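Below, each chain spelled out in residue letters.
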Amino acid sequence: MEHMRYIRVPKDIKAMEDYEYGVQKVEQMEELILSESQYSVFYSLKVFHLINEECDVIIDDYEEEVLSLEKIPLALKIVNKIIQNYNDINLLKFKNMLELAIKYRTIVGFDF
């Protein structure tokens, strides 16, 4: 069975609070699911490695991590820089997730 990695953005403060307590209702979340092959592209581009270093988080296999609202602009800057050199649909979707979290004023959750 393929290992899927979930990136979730709560749509509002209530959804964010629910997420922090382990409640993940589909209607409360924006969700991006990375397959093994999609994740390998991110891995080879060091997307999460660079975000980990810049934002002092641990986004990695078999980890659950939250990127707080304050750190999302740093992650967005990294992703934008990578997109300039490597245009990938899933990178664009990930960028959109970061932008949605800023718009909703919530977080980005990584369930790997």
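Refer to the structure presented above.
Residues numbered from 1 in each chain as written. Predicted model: local features only at pLDDT ≥ 70, side-chain atom pairs only at ≥ 80, totals over all residues. Heavy atoms only, no water.

Student: Outline the overall build of the protein chain, listing residues and values.
Tutor: Tallying secondary structure elements over the protein chain gives 5 helices and 4 strands in all. Ordered by position from N to C terminus, the α and β elements of the protein chain give β-α-β-α-α-β-α-α-β. Taken over C-alpha atoms, the radius of gyration comes to 13 Å for the protein chain, in line with the 13 Å a tight globule of 112 residues would show. Expressed as a percentage of its 112 residues, the buried residues of the protein chain come to 45%. Split by element, the accessible area of the protein chain, about 6,600 Å² in all, is 50% carbon and sulfur. Across the protein chain, 13 positive and 21 negative side-chain charges occur, with their mean positions spaced 6 Å apart. (Helix = DSSP H or I, 4+ residues; strand = E, 2+ residues; numbered from the N terminus. Rg over C-alpha atoms; globule rule 2.2 N^0.38 Å. Buried < 20%, exposed > 50% of the residue type's maximum accessible area, 1.4 Å probe, protein only. Areas by Shrake-Rupley, 256 points an atom, 1.4 Å probe, with all protein chains shown as cover. Lys, Arg positive; Asp, Glu negative; His and termini not counted. Charge placed at Lys NZ, Arg CZ, Asp CG, Glu CD.)

Student: Please set out the sheet that holds strand β2 (residues 29-34) residue by residue, giving values where relevant.
Tutor: Across the sheet, which stays open at both edges, the 4 strands sit in the order β2-β1-β4-β3 with antiparallel pairing between neighbours. The open sheet has two free edges, formed respectively by β2 and β3 (64-67), since each of these has just one partner strand. Strand after strand, the sheet turns through a mean of 20 degrees between neighbouring axes, direction not considered. Those strands touched by helix α5 (residues 89-104) are β1 (5-10), β2, β3 and β4 (108-111), and its axis lies near 155 degrees from that of β2. (Pairing = 2+ DSSP bridges. Axes fitted to C-alpha atoms, helices over the stretch in contact; angles between N-to-C directions. Contact = heavy atoms within 4.5 Å.)

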